[in-house]
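Letter by letter, the chains look like this.
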Amino acid sequence: MIKDLAQLKALQQRLKASAEAAAKAERERREREREANLFRNSVGEVMPLKAEPRVPLSTPQPLPIARQRMADDEAALQESLSDEFSIDTLLDVDETLSFARSGIGPDVMRKLRGGGWVTQDQLDLHGLRTDQAREAVGQFLRHCVKRGFRCVRIIHGKGLGSMNKKPVLKSKVRNWLVQKEEVMAFVQARAADGGSGALMVLLKG
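Bear in mind the structure is a predicted one, so any value in this text is a computation, not a measurement. The residue numbering used here restarts from 1 in each chain and proceeds along that chain's sequence as written. A pLDDT threshold of at least 70 governs which residues receive local features in this predicted model, and a stricter bar of 80 or more applies before side-chain atom pairs are shown or counted, although totals over entire chains, interfaces and linings include all residues. Working from all heavy atoms in the structure, the side-chain values ignore hydrogens and water.

1. A look at the pattern of salt bridges
Step number 1: One speaks of a salt bridge when a side-chain nitrogen belonging to Lys or Arg is within 4 Å of a carboxyl oxygen belonging to Asp or Glu. A complete count under the given rule lists 8 salt bridges for this structure.
Step number 2: A salt bridge links Arg 29 to Glu 26; its shortest N-O distance comes to 2.5 Å. Of the two residues, Arg 29 and Glu 26 are both situated in helix H1 (residues 2-43); the distance of 3 residues between them amounts to about one turn of the helix.
Step number 3: Burial classification: accessible surface area is computed with a 1.4 Å probe over protein chains only, and a residue below 20% of its type maximum counts as buried, one above 50% as exposed, and the rest as partly exposed. Given a relative accessible area of 38%, Arg 29 falls into the partly exposed group. A helix here means a DSSP run of H or I that spans at least four residues, while a strand means a run of E at least two residues long, and both kinds are numbered starting from the N terminus.

2. Considerations on the environment of Gly 159
Step number 1: Turning to its location among the elements, Gly 159 is positioned in the loop between strand E3 (151-155) and helix H5 (168-178).
Step number 2: With relative accessibility at 15%, the residue Gly 159 sits in the buried group.
Step number 3: Remark: the alpha-carbon pair of Gly 159 and Gly 197, spanning 38 residues in sequence, is separated by 8.1 Å.

3. Some details on the environment of Arg 134
Step number 1: Structurally, Arg 134 is set in helix H4 (residues 130-147).
Step number 2: Measuring from C-alpha to C-alpha, the distance between Arg 134 and Leu 169 comes to 9.3 Å, with 35 residues separating the pair along the chain.

4. Regarding the pairing of strand E4 (residues 183-188)
Step number 1: Of all 6 residues that make up E4, 5 are buried, and the element is covered over most of its length.
Step number 2: Strand direction decides the pairing type here: strand E1 (residues 99-100) and E4, joined by 2 bridges, are antiparallel. Each bridged residue has a counterpart across the sheet, and for Ala 100 the counterpart in E4 is Ala 185.
Step number 3: Bridge analysis of E4 against strand E5 (residues 198-203) gives 5 bridges, and the strand direction is antiparallel. Counted as the bridge partner of Ala 185 is Leu 202 from E5. Only strands that DSSP links by at least two bridges are regarded as paired with each other.

5. Looking at the environment of Asp 124
Step number 1: Inspection of the secondary structure puts Asp 124 in strand E2 (residues 121-124).
Step number 2: Along the sequence, Asp 124 and Gly 157 sit 33 residues apart, while their C-alpha atoms lie 8.2 Å from each other.
Step number 3: Here His 126 takes part through its side chain, which lies 2.7 Å from a polar atom of the side chain of Asp 124. Pairs of N or O atoms within 3.5 Å make up the polar contacts considered here, provided that, within protein, one atom can donate a hydrogen while the other can accept it, and that residues adjacent in sequence are counted only when both atoms are side-chain atoms.

6. Focus: the nonpolar core
Step number 1: Think of a nonpolar core as a cluster: buried Ala, Val, Leu, Ile, Met, Phe, Trp, Tyr and Cys residues, connected wherever their side-chain atoms sit within 4.5 Å. The biggest cluster of nonpolar side chains holds 22 residues, and the ones touching the most others in it are Leu 125, Ile 154, Val 173, Leu 177, Phe 186 and Val 201.
Step number 2: Listed by contribution, the elements that provide at least two residues to this core are H4, E3, H5, E4 and E5.
Step number 3: Per element, the largest residue contribution to this core is 6 residues, and it comes from H4.
Step number 4: By size, the runner-up hydrophobic cluster in this structure holds 10 residues, among which are Leu 112, Cys 151, Ala 185 and Val 187.

7. Regarding the sheet that holds E4
Step number 1: Read from one edge of the open sheet, 5 strands run E1-E4-E5-E3-E2, paired in mixed fashion. On the outer flanks of this sheet lie E1 and E2, each paired with one strand and no other.
Step number 2: The sheet contact formed by E2 and E3 spans 4 bridges and is parallel. Within E3, the position partnered with Gln 122 by the bridge is Arg 153.
Step number 3: In the packing of helix H3 (residues 106-113) onto the sheet, the strands contacted are E1, E3, E4 and E5, and the crossing angle to E4 comes to about 50 degrees.
Step number 4: Running over the sheet, H5 touches E1, E3, E4 and E5 and is turned about 160 degrees from E4. A contact between two residues is defined here by any heavy atoms of the two lying within 4.5 Å. Under this scheme, a helix contributes an axis fitted over its contacting stretch, all axes are lines through C-alpha atoms, and angles between N-to-C directions fall in the 0 to 180 degree range.

This is the structure we're talking about:
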């Protein structure tokens, strides 16, 4: 009997909770409806705005800037070497056609002639045509500057294998080197390093 009474009370509680929830939902619904009516009465009748036809803008987009190509062109321009340039019209050189920029003292030149600088890399131009040699010199100097090399050797040959037995590249290489700002000085190599067929080149540090 007690068990049945407990079940009855639980059922009554559930029914009461359900009724209260329904009443609460009804009150909320009426409140929302009242607020909606109040808004409509305050605003009155409305008419949608007439939308004007839209014309898509066709603003021309700026052309992309080929920055990498510009950088490559600038690098190529800086590395370009002219065969029309003559060292004889610009600088005074000694009997061995050595060269030193302003500020390079005689002690530095003596050290360069005497092999006092460690040769960190070299370029051999044997077998190359003039245009190939010119490009090779530009690339070689750029490589050496990036690596931080100070003293390098460029072998242009003595011309013994040429048709007229004259060193074709000897004067050209000197003219090319003078055009490069990173070249601070150069001298004819010692006999052990190639003699008149090579140059020892001092680069900007």
